[in-house]
Amino acid sequence: MIKGKDDILVVFALEQESQNVFDDYPVLYTGVGKVQAALALSQHLQRVTPKMIVNLGTAGSQKHTKGSVVNATSFIQRDMDVTPLGLAPYQTPFSAHPVELVYGETVHPFPTATCGTGDNFSVQEDFGNGAYDVVDMEAYVLALISKSHDIPFVCLKYISDGADGAADLDWEEALKVTASTLKTALEQTFKSVWALSA
């Protein structure tokens, strides 16, 4: 049962994404990419077990409007490619985990999304021929670790760019409003989902 802010862990990749507006929440900054995210969250969970993990940050999309917030509830490791060995796209060899990891709380009124996570930054992301509709670099492993520890997981992403040739410039500009928008989204989550005052 979530009783207040101290029961959750807010996870960002970078401090730039939070802009110091989440100082009243427990926050973990993991660094960029799946390896750093896995290490940081695993080490944190050895010391403290939150009642919920909330991943906030930026993502690119060609489906969702820039400046909107989406609720990712399923995740694909988009840079796993062992298709030359006969495996399905994004399938990890010798792993029991499905290609699409469905693990995440649904938060209204935000549109749900499938997030493709990868350790690459493509200026022309193909979105896996429709397999996923937003892209980031950490959420898949954060969801996987949360699931392995049986900790509820919420993922809210601010769409900062179109995952295209202008993505790096759009991201820098988006940081100016990302944090405040995500703070409002998190407070909406508290009120609508957990019936708590933020």
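Structure report, in brief. (Residues numbered from 1 in each chain as written. Predicted model: local features only at pLDDT ≥ 70, side-chain atom pairs only at ≥ 80, totals over all residues. Heavy atoms only, no water.)

### So, the pattern of salt bridges
The criterion, for reference: A pair is scored as a salt bridge if a Lys or Arg side-chain nitrogen falls within 4 Å of a carboxyl oxygen belonging to Asp or Glu. Counting from the N terminus, the helices are the DSSP runs of H or I reaching at least four residues and the strands are the DSSP runs of E reaching at least two.
Here the structure, examined in full by the defined rule, presents six salt bridges. The residue Asp 24 makes a salt bridge to Lys 5 at a minimum N-O spacing of 2.7 Å. Of this pair, Asp 24 sits in the loop between β1 (8-12) and β2 (27-29) while Lys 5 is found in the segment before β1, placing the two residues 19 residues apart along the sequence. Residue Lys 157 pairs with Asp 136 through a salt bridge whose shortest N-O separation is 3.1 Å. Highlighted residues: Lys 157 in strand β8 (residues 153-161) and Asp 136 in strand β7 (residues 134-136), separated in sequence by 21 residues.

### Structural notes on helix α1 (residues 34-47)
Each full turn of the α-helix corresponds to 3.6 residues, which orients residues three or four apart in the same direction. As a reminder of what qualifies: Helix span, expected: 1.5 Å multiplied by one less than the number of residues in the helix. We call two residues in contact whenever any of their non-hydrogen atoms come within 4.5 Å of each other.
For α1, which comprises 14 residues, the first-to-last C-alpha distance of 20 Å matches the rise-based estimate of 20 Å (1.5 Å per residue) to within 8%. Looking at the buried side of α1, the elements it contacts are β1, β2, β3 (52-60), β4 (69-77), β6 (112-117) and α2 (139-148).

### Side note on the state of the cysteines
Put simply, the rule is: Working definition: a disulfide is two cysteine sulfur atoms within 2.5 Å of each other.
Counting across every chain of the model gives zero disulfides. This cysteine, Cys 115, is not joined by any disulfide, and Cys 155 carries the nearest cysteine sulfur, 5.8 Å off.

### Some details on the nonpolar core
Convention followed: For our purposes a nonpolar core is just a set of buried Ala, Val, Leu, Ile, Met, Phe, Trp, Tyr and Cys residues, chained together by side-chain atoms within 4.5 Å. Here's how the labels work: a residue is buried when its accessible area is under 20% of the maximum for its type, exposed when over 50%, partly exposed in between, all with a 1.4 Å probe on protein chains only.
Residues Leu 41, Ile 53, Phe 75, Leu 101, Val 134, Leu 142 and Phe 153 are the most contacted members of the largest nonpolar core, which totals 27 residues. Broken down by secondary-structure element, the contributors of at least two residues to this core are β1, α1, β3, β4, β6, α2 and β8. Examining the composition of this core, we find that seven residues originate from one element, α2, more than from any other. With residues near it in sequence (within four places) discarded, Leu 142 still touches Val 11, Ala 37, Leu 41, Asn 55 and Phe 153. With 21 residues, the next largest nonpolar core counts Val 69, Leu 156, Ala 174 and Ala 185 among its residues.

### Things to note about the environment of Asn 55
For clarity, the cut-off: Pairs of N or O atoms are called polar contacts if they sit within 3.5 Å, as long as, within protein, a hydrogen donor faces a hydrogen acceptor (for residues adjacent in sequence, only side-chain-to-side-chain pairs).
Inspection of the secondary structure assignment puts Asn 55 in strand β3. Sequence separation between Asn 55 and Lys 157 is 102 residues, and the spatial gap between their C-alpha atoms is 8.0 Å. Within the structure, the side chain of Asn 55 is placed 3.1 Å from the side chain of Lys 157, a separation counted as a polar contact.

### A short note on α2
Along α2, eight of the ten residues are buried, which leaves the element largely enclosed by surrounding structure. Asp 150 sits one or two residues past α2 and shows a positive phi near 60 degrees.

### Focus: the pairing of β4
Our working rule: Strand pairing is assigned whenever DSSP identifies at least 2 bridges connecting the two strands.
Within β4, nine of the nine residues are buried, which leaves the element mostly enclosed by the surrounding structure. Note: β4 against β6, six bridges, orientation parallel. Within the sheet, the bridge partner assigned to Ile 76 lies in β6 and is Gly 116. In terms of strand pairing, β4 meets strand β5 (residues 100-102) through three bridges, oriented antiparallel. In the sheet register, Ser 74 faces β5, and the bridge partner there is Val 102.

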